[in-house]
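Below, each chain spelled out in residue letters.
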Number of protein chains: 2
Amino acid sequence: MQRRSFLKKATLGAAAGGATLASPVFAQESPTINWRLASSFPRSADAIYSGGENLAKYVGEATGGKFNIRAFPAGEIVPALQVLDGVQNGTVECGHSASYYYFGKDPALSFDAAVPFGLNTRQMNAWMRHGDGLKLLRELFKTYNIVNFPCGYTGTQMGGWFRNEIKSVDDLKGLKFRMSAFAGAVLSRLGVVPQQIAGGDIYPALEKGTIDGAEWIGPYDDEKLGFNKVAKYYYFPGWWEGTLQVSLYVNQEAYNKLPKHYQAVLEQASAAATNDMIAKYDAENPAALRRLIANGAQLRAFPKSVMDACYAESVKVYAEMSAKSPMFKKLYDSMVAFRDNEIPWFRVADGSFDGYMGTIGRNGGK
Amino acid sequence: MQRRSFLKKATLGAAAGGATLASPVFAQESPTINWRLASSFPRSADAIYSGGENLAKYVGEATGGKFNIRAFPAGEIVPALQVLDGVQNGTVECGHSASYYYFGKDPALSFDAAVPFGLNTRQMNAWMRHGDGLKLLRELFKTYNIVNFPCGYTGTQMGGWFRNEIKSVDDLKGLKFRMSAFAGAVLSRLGVVPQQIAGGDIYPALEKGTIDGAEWIGPYDDEKLGFNKVAKYYYFPGWWEGTLQVSLYVNQEAYNKLPKHYQAVLEQASAAATNDMIAKYDAENPAALRRLIANGAQLRAFPKSVMDACYAESVKVYAEMSAKSPMFKKLYDSMVAFRDNEIPWFRVADGSFDGYMGTIGRNGGK
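Residues numbered from 1 in each chain as written. Chains lettered and ligands numbered in written order. Predicted model: local features only at pLDDT ≥ 70, side-chain atom pairs only at ≥ 80, totals over all residues. Heavy atoms only, no water.

### Some remarks on the interface of chain A and chain B
Moving on, step 1. Counting residues at the interface gives 111 residues for chain A, matched by 111 residues for chain B.
Moving on, step 2. Between chain A and chain B lies a buried interface of about 9500 Å² when both sides are counted; carbon and sulfur atoms form 59% of it.
Moving on, step 3. Our count for the chain A to chain B interface comes out at 2 salt bridges.
Moving on, step 4. Between Asp282(B) and Arg122(A) there is a salt bridge, with its nearest N and O atoms 2.8 Å apart.
Moving on, step 5. Where chain A packs against chain B, one counts 18 residue pairs in polar contact (both at pLDDT 80 or more).
Moving on, step 6. Sorting the residues of the side of chain A that touches chain B by element identifies α1 (2–21), β1 (33–39), α2 (46–62), β2 (67–72), α4 (121–130), α10 (260–294), α11 (304–324) and α12 (326–360) of chain A as the ones contributing at least two each.
Moving on, step 7. The dominant element in the side of chain A that touches chain B, judged by the number of residues it contributes, is α12(A), at 22 residues.
Moving on, step 8. Its residues assigned to classes, the side of chain A that touches chain B comprises 50 nonpolar, 33 polar and 28 charged. (Contact = heavy atoms within 4.5 Å. Buried area = accessible area lost by both parts, 1.4 Å probe. Salt bridge = Lys/Arg side-chain N within 4 Å of Asp/Glu carboxyl O. Polar contact = N/O pair within 3.5 Å; in protein donor to acceptor, adjacent residues only side chain to side chain. Helix = DSSP H or I, 4+ residues; strand = E, 2+ residues; numbered from the N terminus. Nonpolar A, V, L, I, M, F, W, Y, C, P; charged D, E, K, R; others polar.)

So this is what it looks like as structure tokens:
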């Protein structure tokens, strides 16, 4: 009691007008710094592009415009799939990208973005911040001269657009399907012929029949590219992206030169951009899905037999990659242990709540 | 092509050494400001308490220690359930609290925290940031002289601890149950006698049999209070908290006095604290649940008949409250429209992914 009343008296003045009592001080240097950010995403994919753009905006706002980052869409100063290289060699001070684009350099990098049958959004956020995820990934990115910060989630992605239905594992045989490299490595074992095609080139390839299907992101982004007009079956879930984590890559030397409080601003702005991106996707996807269905998209779940076959092949691919790379093994073992710990809990509180809420619309809702 | 090559040349110098080219400038005032933050949570509930403490830490780091917020646990300078009043009248510049504690002042405030059969974590984040949630709640909090910022999520909470099993709606009759006020208003219509008891007093009340059950948060927090020793049935889900959003309340005048970039820092630090809190809960709850079960807790799902009865009564309570308060109606209508739009989409990608992942442990996991 005595302590509380002392505190009350001692701080009353400050409480009443903290700001006016303080005088401006200049001891802390806040230099003007100009950085460029290369994005792997086109401006038209505005939700995912917003991760880098919001980061830049937030950093500017938090430093009164002194730490200025200018974001450039994919290809303007660095090609979409060379952002890692651009940051590594200092062409740009930072970039906004998805690490699975660099699967060819090192499959282990993918754990920063998405891997088959991996984590959902909250699990990924938890593994990064209160598991070993970020710690291990920082070790890996350090070898690329990069400090990485989570900077956006998409949520679970869709399994993509197919010209024909997928009723069994046999339907995968010979299928020319545009998808990311890691899932491609899994699906090729089931007869799929994976295709690497940039976002803008997918539509014409589907239209001409050069490919039989393609995955991109989810309803909000897919609708803009008009896939429903050329491939009517829309499958879920994208088991290779329980979520996509996009990241801010910062060149190590550029980062080291920042005053400590600018480093803190960068980290907090990344977290704020992360929250905003998943909010944007979660707010926009529902209406986009409804519009796609109204325009003829046929929504389908992958059959359980197909999911099981893909899961079994994934486990084999993981084992092979783990045998080849100690860093891959370290990340995989950490992620799997974390995931297998999370799943039973997620089924309990969140899972049962979401499950029940899924029934109320059918009861007449409100 | 011409534009790109021009950009490359023009910014090469800055790219190579942006930090060293910049000279310190002092045009932007960064005054020293000292604030106090009153939390509604005890330090021992470290995950939820971390929202206010991390906010303070992050703000300090982002301003090089110039904007200094000191966090105080519940009761040290302001009683746990009077944080709203403390911020409103300027006893403290800011507070970290959950708006449903102020249900008695105005039930509409609860939409900032949790309402029966409301939103899950991602839906709440989306409603706040890309729906009308924050906009409407800012209107409401303005009448309390407060600017509010989302500052932490718990995830879906547990339905609580019961000395006896709940097998039907009849088992609710006469049950003395410690719970939050809004859910209490619903459950009292089914015969429950809701009890308002502070966290620290729940255990002895359960032990003595003064109450028949109690809800608190989830496995990580509940384990610390030892409820499993005095009430063995552990129910899920806490349908009154699809998530709990805790918020930073800032006194309007104190906020107005901040330089613009400190206001931005406050907002970004809140977002960063939000990400960290849900990550902490998602990382800690799984192991805590396992330990509770190992120590004798009997995990049970509320029967569907009980969930349906509670949902039906909630809808009636919502209608009555909406008839009495235009602001309540505005918030309720916005939340329900948002929720009912989200649910079908959440069942598709995230729901089917989580559902499948829930089966792999049983297939032998990794």
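Continuing now.
### Points about the UniProt feature "binding site: substrate" (unreviewed entry) in chain A
Residue and element names in this part refer to chain A.
Moving on, step 1. The positions UniProt marks with the feature "binding site: substrate" (unreviewed entry) are Gln157, Arg178, Glu215 and Glu241. Taking the farthest pair of C-alpha atoms as the criterion, the annotated set spanning 85 residues converges on one region, since that pair is 14.5 Å apart.
Moving on, step 2. In this structure, glutamine 157 sits in the loop between β4 (146–153) and β5 (160–162).
Moving on, step 3. Positionally, glutamate 215 belongs in the loop between β8 (213–214) and α8 (219–225).
Moving on, step 4. Setting aside its immediate chain neighbours within four residues, glutamate 215 contacts Gln157, Met158, Gly159, Gly160, Phe177, Arg178, Met179, Ser180, Ile202, Trp240 and Glu241. (UniProt positions renumbered as here; feature names shortened; annotations may be inferred.)

### Regarding the relation of the copies chain A and chain B
Moving on, step 1. Overlaying chain A with chain B gives an RMSD of 0.0 Å, the required rotation being 180 degrees about an axis along which the chain moves by 0.0 Å. Overall, the copies show the geometry of a two-fold rotation axis.
Moving on, step 2. Most of the interface of chain A is mirrored in chain B: 100% of its interface residues are interface residues there too. (Least-squares fit on C-alpha atoms with pLDDT ≥ 70 in both.)

### Some thoughts on the domain arrangement of chain A
Residues and elements named next belong to chain A.
Moving on, step 1. With domains assigned, chain A is organised as domain 1 (33–155 + 243–283) and domain 2 (160–242 + 294–338).
Moving on, step 2. Look at where the C-alpha atoms of domain 1 and domain 2 centre, and you get two points 24 Å apart.
Moving on, step 3. The partner domain 2 presents 28 residues to the 34 residues of domain 1 that form the contact.
Moving on, step 4. Summed over both sides, the interface between domain 1 and domain 2 buries roughly 2600 Å², with carbon and sulfur atoms accounting for 73% of that surface.
Moving on, step 5. On the domain 1 side of the interface with domain 2, the three residues burying the most area are Phe111, Pro116 and Phe117, jointly 28% of the side's total. (Domains from an automatic or database assignment.)

### Points about the nonpolar core
Considering soluble globular proteins, one finds that nonpolar side chains tend to be buried as a cluster.
Moving on, step 1. Judged by nonpolar contacts, the single largest core of 128 residues is most densely connected at Trp35(A), Ile69(A), Leu266(A), Trp35(B), Ile69(B) and Leu266(B).
Moving on, step 2. Not counting residues within four places of it along the chain, the set of residues in contact with Ile69(A) comprises Trp35(A), Leu37(A), Leu55(A), Ala56(A), Val59(A), Cys94(A) and Leu266(A). (Core = buried A, V, L, I, M, F, W, Y, C linked by side-chain atoms within 4.5 Å. Buried < 20%, exposed > 50% of the residue type's maximum accessible area, 1.4 Å probe, protein only.)

### Description of helix α10 (residues 260–294) of chain B
Residue and element names in this part refer to chain B.
Moving on, step 1. The end-to-end C-alpha distance of α10, which contains 35 residues, comes to 52 Å, matching closely the 51 Å that a straight helix rising 1.5 Å per residue would cover.
Moving on, step 2. A bend of about 30 degrees at asparagine 285 is the largest found in α10, and the proline proline 286 appears one to four places after it.
Moving on, step 3. Within α10, 28 of the 35 residues are buried, which leaves it mostly tucked inside the rest of the structure.
Moving on, step 4. The positive-phi residue at the C-terminal boundary of α10 is glycine 296, with phi of around 110 degrees. (Expected span 1.5 Å × (residues − 1). Bend = angle between axes of the 7 residues up to and from the residue.)

### A word on the sheet that holds strand β3 (residues 94–97) of chain A
Residue and element names in this part refer to chain A.
Moving on, step 1. In spatial order, the strands read β2-β1-β3-β10-β4; together these 5 strands make up an open sheet with mixed pairing. Of all strands in the sheet, those with a lone pairing partner are β2 and β4, marking the two edges. Neighbouring strand axes in the sheet, compared pairwise and without regard to direction, differ in orientation by 25 degrees on average.
Moving on, step 2. As judged from the 6 bridges shared by β1 and β2, these two strands associate in the parallel manner. Looking at β2, one finds that asparagine 34 is bridged to asparagine 68.
Moving on, step 3. Sheet strands in contact with α4 are β4 and β10 (245–251), and its direction is about 155 degrees off that of β4.
Moving on, step 4. Contacts between helix α5 (residues 133–142) and the sheet are confined to β4 and β10, with β4 contributing the most and set at about 130 degrees to the helix. (Pairing = 2+ DSSP bridges. Axes fitted to C-alpha atoms, helices over the stretch in contact; angles between N-to-C directions.)

### Overview of the packing of α5(A) against α12(A)
All names here are of chain A.
Moving on, step 1. Across the interface, α5 lies against α12 with an axial gap of 10 Å and an inter-helix angle of 160 degrees. On the basis of their axis angle, the class for α5 and α12 is roughly antiparallel. Along this stretch, α5 crosses α12, giving a crossing that reads as left-handed. On α12, the residues that touch Leu136, Leu137, Glu139 and Leu140 of α5 are Met327, Lys330, Leu331 and Ser334. (Parallel < 35°, antiparallel > 145°, perpendicular 65-115°, else oblique. Left-handed = near helix turned anticlockwise from the far one by under 90°.)

### Overview of the confidence of the model for chain A
Moving on, step 1. When pLDDT is averaged along chain A, the result is 92; 91% of the residues meet or exceed 70.
Moving on, step 2. Predicted confidence for residues 1–27 of chain A stays below pLDDT 50, and this span has 34 contacts to residues more than four positions away or in other chains. (pLDDT = per-residue confidence, 0-100.)

### A few points about the side chain of Gln252(A)
Residues and elements named next belong to chain A.
Moving on, step 1. Considering the arrangement of structural elements, one finds glutamine 252 in helix α9 (residues 252–257).
Moving on, step 2. On the basis of relative accessible area, glutamine 252 is assigned to the buried category, the value being 17%.
Moving on, step 3. Apart from residues lying up to four places away in sequence, glutamine 252 is in contact with Lys142, Asn145, Ile146 and Val147.

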